[in-house]
Amino acid sequence: MAATAIERAVPGHAATESRWTVRVTGPVLANVSDGFSAVLGGPVELHEGPIGLGGLAEEISQAVHGNGPQLVVAVDLDPDASGAGSARVVLPTEGAVAFVVDEAPEGSPPPVDLGPLPPGAYVVPRLAAVHRVQGAASPLRWVGDWDAALGKGRPAGRWGDITTDPPPVRVSEGAYLPKPRYREGRASRWRLVADHCTACGAVSFPSRGRCRQCLRGDRLEPHPLPLDGATVLATTWIGRGGQPTEFDAAVEASGPYGVVIVELEPGVRATLPVADAAPGEIRINDRVGTRLRRLYAIDGEWRYGRKAVPLGSPDGPGPS
Amino acid sequence: MGHRAAVIGAGHTRFGVLEEGPRSLVRAAVNQAIGSVDKGIERRSIGRGYLATLGFGGWQIGNASALLGEEAGVPGLPSARVENACASGGFALHEAVNAIRSGEAEVALVVGLEKMTDVSNARRRFWLGVSGDTEWERQAGLTFAGVYGLIADRYLSVHSVPRAALGAVAVKNHANGALNSNAHFQKAVTPEQVAAAPRVADPLGVYDCCPVSDGAAALLLASPDIAPRFTDTPIYIDGIGASSDSLAVQERADLTRFDATRRAAESAFRSADTERSKVSFLEVHDCFTIAELLGLEDLGFAGRGEAGALTLSGATARDGRLPVNPDGGLKAKGHPIGATGVSQAYEVFLQLRGTAGARQVPNARTALTHNVGGAGATAAVTIFSVG
């Protein structure tokens, strides 16, 4: 769950390979460090332990003033340690803060009053709590665990609902993507980073550590592709029951899905699942955006990747 | 160039949802192939064996070729498994041709096999698509129906081809399958039924997709010099060609063309020293209806975007100018993955000897088989003649 929170906090913005320090409160799931590292795109130094509201405010304060962790992730705040009332934090005018409040009961006061948020600040509270954070209107960003439910009879407003269960330990009985290859490929998978070869000028995507044109591996530099505006070359819609087995949970949560091949730059293509669109809503020659979303779980690990969404699609149905 | 090898016998089990397990299927196909040799053959004269199989579901993933010797009744048979997904059979056939040509064996056995219907739905959907690009296409939630659905969508759009052209492939191949007692589906379908069928991977519907089938097929090859010892009517393999391409479709310059097929066809025609106008009929790899249209174009029998009109005109029907898949193709005959390439050659063996019964193509003298692995990542083309 904590890794999910970070993904909500920094969708597509974690292009750095630098070291991150992350303060996590509450219970931490196994492998959470890997999860942060994968999402943030760099090694993570994790500090964990229980914390109350007052302590959380202090952590955030240190984070935003550059003396503490770069990200603060609060999971399961300890109400007994919180002290009375809410804490107030003064934010600087720039920088990013990830802040997660776990399931505050309906009608409870804002757990932390952050005041007006500066540009670039990402406040990512959980569910109902989001609506009660003052000034949280404009800069909210989400990354949904699953996609908007398109099927009939599913409750509205569950977009981006968080799955708090650990990933199922389902083992592939056939094709699978080895963990090392998944992790090596995360820059391409999550942020659409290609390899640009400075020897011959070709762009290779997805990255495999070697130029597809001149076959050299020693002159590659990261080449971020545009995350929005790709052109659709081909579409299909996978009927219910036609998905690979590892996608069963996604279909259960969000219904059948489309798949597109898009051109990100001239000659550079990606095959992406479609989110937030019904059959026929995305066609050849349309322009689409991309979003980081959960794909499936295998061998006890969540797998994420970018999905194509209609251009101008909101990041989610939260306050806008 | 002359003949590279002679086919002296062939066998084929029923394709479909079968009770038999893999060993029984191999045994049945091999026994039938041996029994089909006109002047008889001693089992011990078989010098090499090749088993084409994906090993669907995880059955005997390693070392499966050892059972060839056991089930063929040839103790100690030097054998190897050839795995190139749906093109395993075509590539195994080429290996056998090369074993004959090198002098390594005077007689070689090729068996194609797949057992697909006995696994659970969940395991089957883990396995379908294992031969696609697992590192990217699979992560987008695609099996092969989805990959070919994308290709079909692009093809219909770029070439302004009506979806009815895909349906025409299904209608034709089902009509042919209805005359094949080994076919998985032996029932004709109407264009209306095809058009109304539920979509599997839009624009492909149920009738655009080959079924999941069990089955096996076997061929006996001999060097052309000694073929008359076994039969007075051998069928000759005159040309072989093969190629490969990127695993992922997204990495190819053109989404509606399989360059592996194009290169394989060019080398096959070059090695056979013949031309397209000489070909009496084709066995085209039609795992999905769109694949038969691409195959016709990539093999050089139709211009880009013109295979749909060719099919709608009836030219590829059994009584047309260029019959395609007289046995029903993968579409109606079924597609037990490793068996398919061998099964295509089995049909050629019947047709070129004039023993195909109700589905006989008149005056068939030269034939071409086209066997594709995945969505065009590997391709094997073979040209046969009556000599």
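All of these numbers come straight from a predicted model, not from anything done at the bench.

Thresholds applied
- Residues numbered from 1 in each chain as written.
- Chains lettered and ligands numbered in written order.
- Predicted model: local features only at pLDDT ≥ 70, side-chain atom pairs only at ≥ 80, totals over all residues.
- Heavy atoms only, no water.
- Pairing = 2+ DSSP bridges.
- Helix = DSSP H or I, 4+ residues; strand = E, 2+ residues; numbered from the N terminus.
- Core = buried A, V, L, I, M, F, W, Y, C linked by side-chain atoms within 4.5 Å.
- Buried < 20%, exposed > 50% of the residue type's maximum accessible area, 1.4 Å probe, protein only.
- Contact = heavy atoms within 4.5 Å.
- Buried area = accessible area lost by both parts, 1.4 Å probe.
- Salt bridge = Lys/Arg side-chain N within 4 Å of Asp/Glu carboxyl O.
- Polar contact = N/O pair within 3.5 Å; in protein donor to acceptor, adjacent residues only side chain to side chain.
- Nonpolar A, V, L, I, M, F, W, Y, C, P; charged D, E, K, R; others polar.
- Phe/Tyr/Trp six-rings, centres within 6.5 Å; stacked < 30°, edge-to-face > 60°.
- Axes fitted to C-alpha atoms, helices over the stretch in contact; angles between N-to-C directions.
- Parallel < 35°, antiparallel > 145°, perpendicular 65-115°, else oblique.

1. Some thoughts on the sheet that holds strand S8 (residues 220-224) of chain A
Residue and element names in this part refer to chain A.
Working step 1: Sheet architecture is open: three strands sit in the order S7-S6-S8, paired in antiparallel fashion. Of all the strands in the sheet, the pair left with one neighbour each is strand S7 (203-204) and S8.
Working step 2: One ladder, built from five bridges, connects strand S6 (residues 193-197) with S8; its direction is antiparallel. In the strand pairing of S8, Val193 is matched with Pro224.

2. Quick notes on the nonpolar core
All names here are of chain B.
Working step 1: By size, the foremost hydrophobic cluster in this structure holds 70 residues, and its most contacted members are Tyr148 and Ile290.
Working step 2: For this core, the element with the most residues is helix H5 (residues 144-158), which contributes nine residues.
Working step 3: When residues no more than four places from it in sequence are discounted, the contact partners of Ile290 are Tyr148, Ile151, Ala152, Tyr155, Leu166 and Leu204.
Working step 4: Tyr50, Ala108, Leu219 and Ala367 belong to the second largest nonpolar core, which has 36 residues in total.

3. Here's the deal with the interface of chain A and chain B
Accessible area lost upon the coming together of the parts is a frequently used measure of interface size.
Working step 1: Each partner contributes residues to the interface: chain A has 43 residues there, and chain B has 33 residues.
Working step 2: Across the chain A/chain B interface, buried area totals approximately 3,300 Å², and carbon plus sulfur atoms make up 53% of it.
Working step 3: Here chain A is connected to chain B by six salt bridges.
Working step 4: The shortest N-O distance in the salt bridge between Glu135 of chain B and Arg181 of chain A comes to 2.6 Å.
Working step 5: Applying the counting criterion to the chain A and chain B interface returns 24 residue pairs in polar contact (both at pLDDT 80 or more).
Working step 6: Elements with a contribution of two residues or more to the side of chain A that touches chain B: helix H5 (186-191), strand S9 (228-238), strand S10 (257-265), strand S11 (268-273) and strand S12 (287-298) of chain A.
Working step 7: Residue composition of the side of chain A that touches chain B, grouped by class: 23 nonpolar, eleven polar and nine charged.

4. Let's talk about the packing of aromatic side chains
All names here are of chain A.
Working step 1: Counted under the stated rule, the structure contains seven aromatic pairs over all chains.
Working step 2: On the numbers, 5.1 Å between centres and 55 degrees between planes, the contact of Phe247 with Tyr296 is tilted. A residue pair is termed long-range when its members are at least 10 positions apart, and Phe247 in the loop between S9 and helix H6 (248-254) and Tyr296 in strand S12 qualify at 49 residues. Here Phe247 matches Tyr296 in class, with each residue buried.
Working step 3: These aromatic residues form a ring-pair network of at least three members: Phe247, Tyr257 and Tyr296.

5. Things to note about the packing of helix H6 (residues 164-177) of chain B against helix H9 (residues 289-298) of chain B
All names here are of chain B.
Working step 1: One way to put it is that H6 packs onto H9 with a least axis distance of 8 Å and a crossing angle of 100 degrees. With respect to H9, the element H6 is oriented roughly perpendicular. Between H6 and H9, the contacting residues are Ala165, Leu166, Val169, Ala170, Lys172 and Asn173 on the first element and Thr289, Ile290, Glu292 and Leu293 on the second.
Working step 2: Split into classes, the residues belonging to the contact of H6 with H9 amount to six nonpolar, two polar and two charged.

6. Examining the pattern of salt bridges
Pairing is possible between side chains that carry opposite charge, provided their charged atoms lie close to one another.
Residue and element names in this part refer to chain B.
Working step 1: Evaluation of the coordinates by the stated rule reveals 27 salt bridges over all chains.
Working step 2: Across the pair Arg304 and Asp254 runs a salt bridge, and its minimum N-O distance is 3.0 Å. Taken together, the residues span a long stretch of sequence, with Arg304 in the loop between H9 and helix H10 (307-312) and Asp254 in the loop between strand S8 (235-244) and helix H8 (259-272) at a distance of 50 residues.
Working step 3: Classification of Arg304 as partly exposed rests on a relative accessible area of 32%.
Working step 4: Several salt bridges share partner residues, and in doing so they unite Arg23, Arg27, Glu70 and Glu71 into one network.

7. Digging into the sheet that holds strand S1 (residues 5-12) of chain B
Residue and element names in this part refer to chain B.
Working step 1: Read from one edge to the other, the open sheet built from nine strands follows the order S3-S2-S4-S7-S1-S8-S11-S10-S9, with strand pairing classed as mixed. Looking along the sheet, the strands with just one partner apiece sit at the ends: strand S3 (79-82) and strand S9 (281-283). Across the sheet, the mean angle separating the axes of adjacent strands is 25 degrees when strand polarity is ignored.
Working step 2: Inspection of the sheet shows strand S2 (residues 48-52) paired to strand S4 (residues 107-114) by five bridges, in the parallel sense. Opposite Arg48, over in S4, you have Ala108 as the bridge partner.
Working step 3: Where helix H1 (residues 22-35) meets the sheet, its contacts fall on S1, S4 and strand S7 (215-222), and the angle it forms with S7 comes to roughly 40 degrees.

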